[in-house]
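Residue strings, one per chain:
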Amino acid sequence: MLIIVAALALPAPVQDAQAAIEAALADSAAGWSAGDMPRFLAIYADDAVFVTKNGLVRGKAAIAARYDKSYGADTSKRGALSFRILGARTVDTTHRMLWAEWQLAYPDGRSDKGVTSLLFEKQARGWKIIADHSS
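The sections below set out a description of the structure shown in this document. (Residues numbered from 1 in each chain as written. Predicted model: local features only at pLDDT ≥ 70, side-chain atom pairs only at ≥ 80, totals over all residues. Heavy atoms only, no water.)

1. Considerations on the overall build of the chain
For step 1, the next point in the chain: Summing up its helical and strand segments, the chain has five helices and six strands in all.
For step 2, the next point in the chain: Beginning at the N terminus, the succession of helices and strands in the chain can be written as α-α-α-β-β-α-α-β-β-β-β.
For step 3, the next point in the chain: When each of the 135 residues of the chain is scored for burial, the buried share is 34%.
For step 4, the next point in the chain: Sequence separation of at least 24 residues holds for 42% of the intrachain contacts in the chain that already meet a minimum separation of 6. (Helix = DSSP H or I, 4+ residues; strand = E, 2+ residues; numbered from the N terminus. Buried < 20%, exposed > 50% of the residue type's maximum accessible area, 1.4 Å probe, protein only. Contact = heavy atoms within 4.5 Å.)

Structure, rendered in structure tokens:
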């Protein structure tokens, strides 16, 4: 009976979407941690918007340039990235909102963390981030 209730609480398409989004996010984090920026950025839509304290960064290419300027290939600056999912919400059949805590572990033992709000859109190439607000 519990399985039926759980299945009714979260329909299969929502479960599938959430699993696909979480897998894409994990792969993106693995790309970051390996210094593979194309892999890290593969989760972003070409027209994604990144919200920063200084304003909006528009487009995947501009987001890539921002990360390259701030972190480059230096692993001591970049660290190993992971996410802890805090919550998710279905917006409609092609959009999902996800909240997570991001964590960076640096080679020297330092760590950093913050939160992120990510709006995903189902596109032909899978679930892509169209809006990212991380702090």
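Now, onward.
2. Some words on the sheet that holds strand E1 (residues 44-52)
For step 1, the next point in the chain: In spatial order, the strands read E2-E1-E6-E5-E4-E3; together these six strands make up an open sheet with mixed pairing. Only two strands of the sheet have a single neighbouring strand rather than two, namely strand E2 (55-58) and strand E3 (80-92). The sheet shows a mean angle of 20° between the axes of neighbouring strands, taken without regard to direction.
For step 2, the next point in the chain: Relative to strand E4 (residues 95-105), E3 runs antiparallel, the two being bridged by 11 bridges. (Pairing = 2+ DSSP bridges. Axes fitted to C-alpha atoms, helices over the stretch in contact; angles between N-to-C directions.)

3. Here's the deal with the layout of surface pockets
For step 1, the next point in the chain: A volume near 470 Å³ is recorded for the largest pocket.
For step 2, the next point in the chain: In terms of lining residues, the largest pocket is bounded by 27 residues, among which Phe 50, Tyr 67, Tyr 71, Trp 102 and Ser 134 are the most central. (1 Å grid on protein atoms, 1.4 Å probe; cavity = no way out; pocket = protein on both sides within 12 Å on 5 of 7 lines; lining within 4 Å. Points joined across faces, edges and corners; volume = space filled by probe spheres on them.)

4. Some remarks on the packing of aromatic side chains
For step 1, the next point in the chain: What the rule picks out here adds up to seven aromatic pairs.
For step 2, the next point in the chain: Ring geometry for Trp 32 against Tyr 67: centres 5.4 Å apart, planes inclined by 75°, an arrangement best described as edge-to-face. Of this pair, Trp 32 sits in helix H2 (residues 12-34) while Tyr 67 is found in helix H4 (residues 60-71), placing the two residues 35 residues apart along the sequence. Across this residue pair, the class does not change: Trp 32 and Tyr 67 are buried. (Phe/Tyr/Trp six-rings, centres within 6.5 Å; stacked < 30°, edge-to-face > 60°.)

5. Here's the deal with the pairing of E4
For step 1, the next point in the chain: Connecting E3 to the antiparallel partner E4 that follows it, the hairpin turn spans two residues.
For step 2, the next point in the chain: Two elements, E4 and strand E5 (residues 111-123), share 11 bridges in a ladder whose sense is antiparallel. The residue of E5 that forms the bridge with Leu 104 is Asp 112.
For step 3, the next point in the chain: Remark: five residues form the turn of the hairpin made by E4 and E5, two consecutive strands paired antiparallel; Gly 109 in that turn has positive phi of roughly 95°.

6. Section: H4
For step 1, the next point in the chain: With 12 residues, H4 ought to run about 16 Å at 1.5 Å a step, and its terminal C-alpha atoms sit 16 Å apart, in line with that.
For step 2, the next point in the chain: All buried positions along H4 are accounted for by Lys 60, Ile 63 and Tyr 67. End-on, the buried residues of H4 take up no more than an arc of 60°, which puts them together on one face. Residues of H4 that are exposed and point over 90 degrees away from its buried face: Ala 61, Asp 68 and Lys 69.
For step 3, the next point in the chain: Gly 72, located one to two residues past H4, shows a positive phi value of around 55°. (Expected span 1.5 Å × (residues − 1). Arc of directions from axis to C-beta.)

7. With respect to the pattern of salt bridges
Pairing of side chains with opposite charge becomes possible as their charged atoms draw close.
For step 1, the next point in the chain: Inspection of every chain in the model, using the stated rule, returns four salt bridges.
For step 2, the next point in the chain: In this structure, Arg 39 engages Asp 27 in a salt bridge whose closest nitrogen and oxygen atoms are separated by 2.7 Å. Within this pair, whereas Arg 39 is found in helix H3 (residues 37-41), its partner Asp 27 is found in helix H2, the two being separated by 12 residues in sequence.
For step 3, the next point in the chain: Owing to a relative accessible area of 34%, Asp 27 belongs among the partly exposed residues under this scheme.
For step 4, the next point in the chain: Lys 113 serves as the salt-bridge partner of Glu 101, at 3.8 Å between the closest nitrogen and oxygen. (Salt bridge = Lys/Arg side-chain N within 4 Å of Asp/Glu carboxyl O.)

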